[in-house]
Amino acid sequence: MTNETDTAKQQQETRENWALRAGQWNAQADHLAKLARGLNEPLMAAAGVQPGHQVLDLASGVGEPALSMAALVGPDGKVTASDLVPEMLAGTERRAREQGVANMAFQVTPMEELPFADDSFDALTCRLGLMYTPSPERALAQARRVLRPGGRAAFLVWGPKADNSQFIIVDRILQEVAGIDPHEGAFTPTRLGEDGALNQLFAAAGFTEFEEQPLRFSPRVDLESNFWRPQLALRIGDNLKTMSETEYQRLDDAMRDAYRDLVDGDRVQLQVHARIGAGTV
Ligand SMILES: C[S@@+](CC[C@H](N)C(=O)[O-])C[C@H]1O[C@@H](n2cnc3c(N)ncnc32)[C@H](O)[C@@H]1O
């Protein structure tokens, strides 16, 4: 198989995989936006987003950070939200409409083949999307091409699996209890998480200055809130619909037991590690 055929096949697999999850992402969009707000500030700062800027957001999903950036760039600026999967991007468009946001455009596109002219944008962001492209190298090269000289790109990815409680636990339980391969459909959220992985991509794409920063959080959550249920729904989408009640109960019980092992005092102590790589053209 040629590389081109490989990429097309992987893109198709990714498209189908995310299309299956889109219903859950849409349903949880407002809740997720609040939950992950802490990731937006450092990402927008790393990309140098300013009022009046033309910004491109890759892998926008159901709307963040694109909607937050539309507020930041204001009426003289514009945010173009983009995603490989129409069912996901439809969520961004719906929410922009509901919130009366007028300074946004929407483009279905793989990040590794952007349909924009050279030097079109002042800043470019991508939150939790770069891990899912078959070719992060091409995505970075495209980012560099569409940014004007002096423009900045910032990509936020998950850190290593060992530093993220949710991936350690959810991956293990899905495999052991439900026989679900947690990496189906090219889904490996932590694959760019090692220190230096993003810097290497920026260097290879020819960015002049670039740097990586870790973002670490230690949220304490209530076991009784069953906080893993929305996570599971996002993660395995349609699989849940075909599970019997007994199968789902087993999975749910196993998740609770696994998180109980992390209880410290009256809360579950979680660890989260994300990383931002940013560079200037
Ligand atoms: C975890 S979601 C992140 C969405 C949003 N940025 C956020 O942080 O909530 C990952 C998104 O990447 C998109 N995606 C996957 N592969 C892609 C590709 N090759 N090009 C563009 N988007 C892609 C998926 O459709 C999905 O919407």
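Here's what I pulled together on the structure shown here.

### Looking at the site of the ligand
Turning to step 1, where the next piece is worked out: Surveying the vicinity of the ligand reveals 19 residues, the closest of which are Ala59, Gly61, Leu84, Val85 and Tyr132.
Turning to step 2, where the next piece is worked out: Looking at the shell around the ligand residue by residue, the class counts come to 10 nonpolar, five polar and four charged.

### Here we look at the sheet that holds strand 8 (residues 263–264)
Turning to step 1, where the next piece is worked out: Pairing within the open sheet is antiparallel, and its three strands lie in the order 7-9-8. Single-partner strands in this sheet number two, and they are strand 7 (220–221) and strand 8.
Turning to step 2, where the next piece is worked out: When strand 8 meets strand 9 (residues 267–269), the two strands line up antiparallel, connected through two bridges. Bridge pairing in strand 9 links Asp264 to Arg267.

### Overview of the packing of helix 7 (residues 165–178) against helix 10 (residues 245–260)
Turning to step 1, where the next piece is worked out: Remark: helix 7 packs on helix 10, axes separated minimally by 10 Å, with the N-to-C direction vectors making an angle of 140°. Taken together, the axes of helix 7 and helix 10 are oblique relative to one another. With respect to the hand of their crossing, helix 7 and helix 10 are arranged in right-handed fashion. Across from Ile169, Ile173, Val177 and Ala178 in helix 7, the residues of helix 10 making contact are Glu247, Arg250, Leu251, Ala254, Met255, Ala258 and Tyr259.
Turning to step 2, where the next piece is worked out: Partitioning the contact of helix 7 with helix 10 into residue classes produces nine nonpolar, no polar and two charged.

### Points about the sheet that holds strand 10 (residues 272–280)
Turning to step 1, where the next piece is worked out: Spatial ordering of the open sheet is given by 3-2-1-4-5-10-6, a layout of seven strands whose pairing is mixed. With partners counted over all chains shown, the strands left at the sheet margins are strand 3 (104–108) and strand 6 (209–217), one partner each. Adjacent strand axes in the sheet meet at a mean angle of 15°, parallel and antiparallel pairs treated alike.
Turning to step 2, where the next piece is worked out: Contacts between helix 3 (residues 37–46) and the sheet are confined to strand 4 (121–127), strand 5 (147–158), strand 6 and strand 10, with strand 10 contributing the most and set at about 20° to the helix.
Turning to step 3, where the next piece is worked out: Helix-sheet contacts for helix 4 (residues 66–73) involve strand 1 (54–58), strand 2 (78–83), strand 3 and strand 4, and the interaxial angle to strand 2 is about 170°.

Calculation notes
- Residues numbered from 1 in each chain as written.
- Predicted model: local features only at pLDDT ≥ 70, side-chain atom pairs only at ≥ 80, totals over all residues.
- Near = placed C-beta within 6 Å.
- Nonpolar A, V, L, I, M, F, W, Y, C, P; charged D, E, K, R; others polar.
- Pairing = 2+ DSSP bridges.
- Helix = DSSP H or I, 4+ residues; strand = E, 2+ residues; numbered from the N terminus.
- Axes fitted to C-alpha atoms, helices over the stretch in contact; angles between N-to-C directions.
- Parallel < 35°, antiparallel > 145°, perpendicular 65-115°, else oblique.
- Left-handed = near helix turned anticlockwise from the far one by under 90°.
- Contact = placed C-beta atoms within 7 Å.

Just geometry here; none of it tells us what the structure is for.
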